[in-house]
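The chain contents come next:
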2 protein chains.
Amino acid sequence: MTARRMDGTALARRVRAEVAEQTARLTARTGAVPGLATVLVGDDPASAVYVRNKRRLCVEAGMRDLHRHLPADTTQAEAAALLDELAADPTVSGILLQLPLPAQLDAQPLLDRIPSGKDVDGLTAANAGLLAQGRPGLRPCTPAGVVRLLDTYDVPLSGAEVVVVGRSVLVGRPMAQLLLARDATVTLCHSRTRDVVEVCRRADVLVVAAGVPGIVGPEAVRPGAAVVDVGIHRTEDGLRGDVDPAVAEVAGLLTPVPGGVGPMTIAMLLANTVEAAERATAPVGAAR
Amino acid sequence: MTARRMDGTALARRVRAEVAEQTARLTARTGAVPGLATVLVGDDPASAVYVRNKRRLCVEAGMRDLHRHLPADTTQAEAAALLDELAADPTVSGILLQLPLPAQLDAQPLLDRIPSGKDVDGLTAANAGLLAQGRPGLRPCTPAGVVRLLDTYDVPLSGAEVVVVGRSVLVGRPMAQLLLARDATVTLCHSRTRDVVEVCRRADVLVVAAGVPGIVGPEAVRPGAAVVDVGIHRTEDGLRGDVDPAVAEVAGLLTPVPGGVGPMTIAMLLANTVEAAERATAPVGAAR
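Residues numbered from 1 in each chain as written. Chains lettered and ligands numbered in written order. Predicted model: local features only at pLDDT ≥ 70, side-chain atom pairs only at ≥ 80, totals over all residues. Heavy atoms only, no water.

Caption draft 1: Focus on the nonpolar core. In this structure, L150(A), L179(A), V207(A), L150(B), L179(B) and V207(B) are the most contacted members of the largest nonpolar core, which totals 103 residues. At 10 residues, helix α9 (residues 261–281) of chain B tops the list of elements feeding residues into this core. Contact partners of L179(A), with chain neighbours within four places excluded, come to V147(A), L150(A), L157(A), V162(A), V164(A), A184(A), V186(A) and V207(A). (Core = buried A, V, L, I, M, F, W, Y, C linked by side-chain atoms within 4.5 Å. Buried < 20%, exposed > 50% of the residue type's maximum accessible area, 1.4 Å probe, protein only. Helix = DSSP H or I, 4+ residues; strand = E, 2+ residues; numbered from the N terminus. Contact = heavy atoms within 4.5 Å.)

Here you go:
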């Protein structure tokens, strides 16, 4: 068996086209142009690349690029002041604080200054709480992108046994909650799990976000399962995920690395930004 | 086999005694007496009983009873105004809005007015978010009481297979997160789960909070497992839980109903109240 590929590059393109249409409709209706404020502190080269891509695709979707760059020696107070300024600015629909930050900065109190309605990365405690309680709110981009991929490939989630490997605040934990919201029976595994292979083999849908190259091999996959690989690692053999390539012989569906989950993350960021802009322009008290 | 009983009545008494000592020490050190503001709206007889018990045990632990009673025809604005008053009152360490509310009131926006530091029920989105992200905060009382029971009976949690049945915002969801924080491999089951019996049988630790009398029978329990019954139902045969009494023949440890989880809920409420009071009197910026 060779797994069917879940093509994140193609789907991300489609999502971005939808966002562009939604943006155009919003602007036509209200005159407001959604604006995304990416905030980059310092000169980490990988972060610079990520931010550049986000800005480019944001402009391509018809939104305003409100990027801000702070020097590497920015103080906590200076970073906080910038976030407060962006929070108060009505032209800013969404704020994205690019992580990681330079060592002198404490990320969480800075993230928590972002108003929940502008938190397009879905990483504030406020939005995590809304998700945990099953209430509407902006969702973290990577797990939201995974759900979109699974839906596009008609993977049934209601009642399905889903296993998530990895319990990060960015991916694993919100992933489990988003799949629960879709009525899956969700198991969250991590480094302390006694027998990861046994647990993974139960899964109809397996999402791997462990941050360890090739940690899930074919012996851990039920034949025909849908497998989503959130990892991306630069290795001597090129880019590799958390899933061993041999899994393709066992799984029914599999996301490639690269070209699977990665492109979906930025697409969902743009979707969150136009959604944030729509909520901000909706009449107060409108049912949403 | 007959399961050993996990005695919540005895443990709750011990927790309350600890809270009383902690309260006395705090008062001796700072002069401040922790105060619990229970808020009862209307005259639901069951709620009246619950609130009376909370108030009585609060006084017994040396804390101030700052109970407030609003009439059944209270408006949303009046209830909000009372909560804002309590939020601003420095003698109030904790606020508990007794649910359910009369039909004309919308509970969630009222709960969300409670500052996270006074949210001794742990039900605001803010505290749910802190829990979801693995950060310090006040935890919901019933699941916190379950963890305390399991610890007291030396049930290993790290690496254990734990299954939680029921996904309520009050119990099931925060329960799963608290057990994850203790490094368990957690599966959350619910009404859409395909084969609840099969999933439950994997559990070293099974927590049942489904709200359906006797929904978990002996066929769903792995021999020797620790089983926690969060349900309580008035039936023709007296008080019954979500767990069939025949489970006692299979489980290794079992909470009785009544006298298991129930008494722990109020004990953890009191523990949260003194904790909230300690945080409120801690010097600003103190590490906690």
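From this point on, the discussion continues.
Caption draft 2: Layout of the state of the cysteines. Throughout the structure, instances matching the rule amount to zero disulfides over all chains. Free cysteine: C141(A), not disulfide-bonded; nearest cysteine sulfur from C58(A) at 13 Å. Cysteine C189(B) is unpaired, with the sulfur of C200(B) as its nearest cysteine sulfur at 5.0 Å. (Disulfide = S-S within 2.5 Å.)

Caption draft 3: Local environment of the side chain of K54(B). All names here are of chain B. Relative to the elements of secondary structure, K54 occurs in helix α2 (residues 45–60). A distance of 2.8 Å separates a polar atom in the side chain of K54 from a polar atom in the side chain of Q98. Beyond its immediate chain neighbours, meaning those up to four positions away, K54 contacts T38, L96, Q98, I266, L269 and L270. (Polar contact = N/O pair within 3.5 Å; in protein donor to acceptor, adjacent residues only side chain to side chain.)

Caption draft 4: Molecular detail of the interface of chain A and chain B. Taken residue by residue, the interface counts 36 residues in chain A and 36 residues in chain B. Of the roughly 3000 Å² buried at the junction of chain A and chain B (both faces included), carbon and sulfur atoms supply 43%. For chain A, the biggest contributors to the area lost against chain B are Q133(A), L180(A) and R194(A); these three give 20% of the whole. With a closest N to O distance of 2.5 Å, D112(B) and R135(A) form a salt bridge. Listing elements by their share of the side of chain A that touches chain B, those giving two or more residues are α5 (125–132), α7 (172–181) and β7 (185–189) of chain A. (Buried area = accessible area lost by both parts, 1.4 Å probe. Salt bridge = Lys/Arg side-chain N within 4 Å of Asp/Glu carboxyl O.)

Caption draft 5: View of helix α1 (residues 8–30) of chain A. All names here are of chain A. Along its 23 residues, α1 runs 32 Å from first to last C-alpha, staying within 8% of the 33 Å computed at 1.5 Å per residue. All of the buried residues along α1 are G8, L11, A12, V15, R16, V19, T23 and L26. With a side-chain oxygen lying 3.0 Å from the backbone nitrogen of T9, the N-terminal cap of α1 falls on D7. (Expected span 1.5 Å × (residues − 1).)

Caption draft 6: Examining α7(A) more closely. In terms of burial, α7(A) is a largely internal element, nine of the 10 residues being buried. Directly beyond the C-terminal end of α7(A), a positive phi value near 70° is found at D183(A).

Caption draft 7: Examining the UniProt feature "domain: Tetrahydrofolate dehydrogenase/cyclohydrolase catalytic" (unreviewed entry) in chain A more closely. Sequence positions flagged by UniProt for "domain: Tetrahydrofolate dehydrogenase/cyclohydrolase catalytic" (unreviewed entry) are, in local numbering, residues 6–121 of chain A. Overall, residues 6–121 of chain A shows 49% helix and 14% strand. The separation of its end C-alpha atoms is 23 Å. (UniProt positions renumbered as here; feature names shortened; annotations may be inferred.)

Caption draft 8: Structural detail: the domain arrangement of chain A. Its domain assignment divides chain A into domain 1 (31–117) and domain 2 (141–263). A straight line from the C-alpha centre of domain 1 of chain A to that of domain 2 of chain A covers 29 Å. (Domains from an automatic or database assignment.)

Caption draft 9: Main features of the sheet that holds strand β1 (residues 4–5) of chain A. The 12 strands lie next to each other as β1(A)-β12(A)-β9(A)-β8(A)-β6(A)-β7(A)-β7(B)-β6(B)-β8(B)-β9(B)-β12(B)-β1(B), forming an open sheet whose pairing is mixed. Here the strands that pair on one side only, and so sit at the sheet edges, are β1 of chain A together with β1 (4–5) of chain B. Here strand β9 (residues 226–229) of chain A runs beside strand β12 (residues 253–254) of chain A; their pairing, made up of two bridges, is parallel. What sits directly across from A226(A), in β12(A), is L253(A). (Pairing = 2+ DSSP bridges.)

Caption draft 10: Spotlight on the pattern of salt bridges. Applying the stated rule across the entire model yields 28 salt bridges over all chains. The residue D204(B) makes a salt bridge to R194(A) at a minimum N-O spacing of 2.9 Å. Within this pair, whereas D204(B) is found in the loop between α8 (196–200) and β8 (205–208), its partner R194(A) is found in the loop between β7 and α8 (196–201), the two belonging to separate chains. Exposure remark for R194(A): the relative accessible area of 56% places this residue in the exposed category. A salt bridge links E60(B) to R56(B); the nearest nitrogen and oxygen atoms lie 3.9 Å apart. You can see E60(B) and its partner R56(B) sitting in helix α2, four residues apart, about one turn around the helix. For R56(B), a relative accessible area of 46% translates into the label partly exposed. Via salt bridges that share partners, E161(A), E198(B) and R202(B) belong to a single interconnected network.

Caption draft 11: Up close: the packing of helix α6 (residues 141–152) of chain A against α7(A). All names here are of chain A. Two elements in contact, α6 and α7, have axes separated by 9 Å at closest approach and are oriented at 40°. In terms of orientation, α6 lies oblique with respect to α7. In this structure, α6 meets α7 at a crossing whose hand is right-handed. Across the interface between the two elements, P143, A144, V146, V147 and L150 from α6 touch P174, M175, L178 and L179 from α7. (Axes fitted to C-alpha atoms, helices over the stretch in contact; angles between N-to-C directions. Parallel < 35°, antiparallel > 145°, perpendicular 65-115°, else oblique. Left-handed = near helix turned anticlockwise from the far one by under 90°.)

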